[in-house]
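# Breakdown of the fold
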Amino acid sequence: NLQLLGEREAREARLQTMEDELKKHKEASAMSIELAATARKTLVEENLQLLGEQEAREATLQTMEDELKKHEEAAAMSIELAATARTTFVEENLQLLGEREAREARLQTMEDELKKHKEA
């Protein structure tokens, strides 16, 4: 009986050790699961933040591209207006030059006529 009692106590001690080990493994597993969930949540949050930053950069880039396009269009218009103004200026100068030459020719004719009249 004493021997059976000793064997029973030894089995109960081993059982208790096994239960303690199982409890430790369960606690470690729960901690591991919790750490993995926290890491996953952090990773998701970081990815969402990076995605938001990327979208913000893309929106900024699009705005810059739109502004550049507007400036290019304005520059093209400005060049076109300057070319038109220059053409008009050149045409007006040529017209004024023609009028001046015509006046000078008339003046020369009048001077020639006056000279003839004086000689006559």
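In case you missed it, the structure is sitting above this.
## Topic: the overall build of the protein
When helices and strands are tallied, the protein shows 1 helix and 0 strands. For 120 residues, the compact-globule estimate of 2.2 N^0.38 gives 14 Å, and the C-alpha radius of gyration of the protein, at 51 Å, exceeds that figure by more than 25%. Projecting the C-alpha coordinates of the protein onto the three principal axes gives extents of approximately 175 × 10 × 10 Å. Per-residue burial for the protein yields a buried fraction of 0% across its 120 residues. In the protein, which carries 18 positive and 28 negative side-chain charges, the distance between the mean positions of the two groups comes to 1 Å.

## Let's talk about the pattern of salt bridges
Applying the stated rule across the entire model yields 4 salt bridges. The closest approach of N and O atoms between Glu67 and Lys70, which form a salt bridge, is 3.7 Å. Of this pair, Glu67 and Lys70 both sit in helix H1 (residues 2-119), 3 residues apart, which is roughly one turn of the helix. The salt bridge partner of Arg100 is Glu104, with a shortest N-O separation of 3.1 Å. Taken together, the positions of Arg100 and Glu104, both in helix H1 and 4 residues apart, correspond to about one turn of that helix. According to the relative accessible area criterion, Glu104 is partly exposed, its value standing at 42%.

## Describing a nonpolar patch on the surface
Together, Phe89, Val90, Leu94 and Leu97 line one region of the surface with nonpolar side chains, adding up to about 370 Å² of accessible area. With respect to the secondary-structure elements, Leu94 resides in helix H1.

## A few points about the environment of Thr87
The topology assignment puts Thr87 in helix H1. With a relative accessible area of 42%, Thr87 lands in the partly exposed category. On a C-alpha basis, the gap between Thr87 and Ala56 in space is 46 Å, while along the polypeptide they are 31 residues apart.

## Digging into the environment of Gln108
Note on placement: Gln108 falls in helix H1. On a C-alpha basis, the gap between Gln108 and Ala76 in space is 47 Å, while along the polypeptide they are 32 residues apart.

How each quantity is defined
Residues numbered from 1 in each chain as written. Predicted model: local features only at pLDDT ≥ 70, side-chain atom pairs only at ≥ 80, totals over all residues. Heavy atoms only, no water. Helix = DSSP H or I, 4+ residues; strand = E, 2+ residues; numbered from the N terminus. Rg over C-alpha atoms; globule rule 2.2 N^0.38 Å. Buried < 20%, exposed > 50% of the residue type's maximum accessible area, 1.4 Å probe, protein only. Lys, Arg positive; Asp, Glu negative; His and termini not counted. Charge placed at Lys NZ, Arg CZ, Asp CG, Glu CD. Salt bridge = Lys/Arg side-chain N within 4 Å of Asp/Glu carboxyl O. Patch = residues over 30% accessible without salt bridge, like charges linked within 9 Å, V, L, I, M, F, W, Y side chains within 5 Å. Areas by Shrake-Rupley, 256 points an atom, 1.4 Å probe, with all protein chains shown as cover.

Geometry only, nothing functional implied.
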